[in-house]
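# Descriptive analysis of the structure
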Amino acid sequence: MSYPFKPDPRLDLVLERVLDAPRELLWRAMTTPEHVRQWFTPKPWLITDCEIDLRPGGLFRTRMQSPDGKEVSDRHCCYLEIAPNERLVWTDALLSGYRPSGEPFITAVIALTPEGRGTRYTATAIHRDEATRDNHEEMGFFDGWGTVADQLAEYVKTM
């Protein structure tokens, strides 16, 4: 599988890890609501609800809760591309059915590539401008998305 595009370092943030898991298992953990709830936000934060309609134009929705019990995010996204066991692309610029959203922030590309006995996990956050990219980096993209990738790798060992 070739990577779907060349990220622009001025606009995009990229996190890569080699995870000790087969990509088919990672895919299932990334595309099944009961699994997504277990790893998709850095602990002690929680995903309290997840809805997935796994098809182009379908809904990807997560609801997050802070450690003190406050619901802080109910993120609605739209799947753009689904290549089973290879690539998942979603954006918050669109709602399900390709309806424009009010507050777009990113488009995410998650690529899974076999590497040795594991899988290269490449997460790219695509931003509309440098200010949005810089803001996302300052918010802790690398720590947050890195923690989530580590949690994913640990979680699939329990599946």
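This text follows the structure it describes.
Attention here is on the structure that accompanies the text. Just so you know, these numbers come straight off a predicted model, no measurement behind them.

This part is about the nonpolar core. Counting 35 residues, the largest nonpolar core has Met 30, Phe 60, Trp 90, Tyr 121, Trp 145 and Leu 152 as its most contacted members. Top contributing element to this core by residue count: helix 4 (residues 141–156), with eight residues.

Before going further, it helps to examine the layout of surface pockets. Space inside the largest pocket adds up to approximately 840 Å³. Looking at the largest pocket, it is lined by 29 residues, and the ones nearest its centre are Phe 40, Thr 41, Met 64, His 136 and Trp 145. Mapped by element, the contributors of at least two residues to the lining of the largest pocket are helix 2 (33–39), strand 3 (59–65), strand 4 (71–83), strand 5 (87–91) and helix 4. Broken down by element, the residue count for the lining of the largest pocket peaks at five residues, all from helix 4. Of the residues contributing to the lining of the largest pocket, the split by class is 21 nonpolar, six polar and two charged.

Our next topic: the side chain of Thr 62. Within the fold, Thr 62 resides in strand 3. Leave out the neighbours within four places in its chain, and Thr 62 touches Val 36, Phe 40, Ile 47, Asp 49, Cys 50, Ser 73, Asp 74 and Arg 75.

This brings us to the packing of aromatic side chains. For the coordinates displayed, the defined rule picks out six aromatic pairs. A ring pair is formed by Phe 40 and Phe 60, whose centres lie 5.5 Å apart and whose planes are at 70°; its orientation type is edge-to-face. Within this pair, whereas Phe 40 is found in the loop between helix 2 and strand 2 (46–52), its partner Phe 60 is found in strand 3, the two being separated by 20 residues in sequence. Through pairs of rings, three or more aromatic residues link up here, namely Trp 39, Phe 40, Phe 60, Tyr 79 and Trp 90.

What follows is about helix 4. In this model helix 4 runs 22 Å from its N-terminal to its C-terminal C-alpha over 16 residues, within 8% of the 22 Å that 1.5 Å per residue would give. Every buried residue of helix 4 is accounted for by Phe 141, Gly 144, Trp 145, Gly 146, Val 148, Ala 149, Gln 151, Leu 152, Ala 153, Tyr 155 and Val 156. Those residues of helix 4 hidden inside the fold are in contact with strand 1 (12–19), helix 1 (23–31), helix 2, strand 8 (107–115), strand 9 (118–126) and helix 3 (130–138).

Basis of the calculations
- Throughout this description, residue numbers start from 1 for each chain and increase along the sequence as written.
- Since the coordinates come from a predicted model, pLDDT governs what is reported: local features require at least 70, and pairs of side-chain atoms require 80 or more to be given and counted, while whole-chain, interface and lining totals use all residues.
- Only hydrogens and water are removed before side-chain values are computed, so all heavy atoms of the structure are retained for them.
- To qualify as a nonpolar core, a set must consist of buried Ala, Val, Leu, Ile, Met, Phe, Trp, Tyr and Cys residues joined through side-chain atoms within 4.5 Å.
- Burial classes: relative accessible area under 20% of the type maximum marks a residue as buried, over 50% as exposed, and values in between as partly exposed (1.4 Å probe, protein chains only).
- The way it works is that DSSP assigns letters per residue, a run of H or I at least four long becomes a helix, a run of E at least two long becomes a strand, and they are numbered from the N terminus.
- Grid points spaced at 1 Å over the protein atoms alone were grouped into cavities, where a 1.4 Å probe fits but cannot get out, and pockets, open sets with protein on both sides within 12 Å along at least five of seven lines, with lining residues defined by an atom within 4 Å of a point.
- Grid points are joined across faces, edges and corners, and a volume is the space filled by probe spheres set on the points.
- When residues are grouped by polarity, Ala, Val, Leu, Ile, Met, Phe, Trp, Tyr, Cys and Pro land in nonpolar, Asp, Glu, Lys and Arg in charged, and all others, Gly among them, in polar.
- Only heavy atoms matter for contacts: two residues are in contact if any of them lie within 4.5 Å across the pair.
- What counts as a ring pair is set by centres within 6.5 Å for rings of Phe, Tyr and Trp (its six-membered ring), and what kind of pair is set by the plane angle: stacked under 30 degrees, edge-to-face over 60, tilted for all other angles.
- Given a helix with a known number of residues, its expected span is that number minus one, times 1.5 Å.

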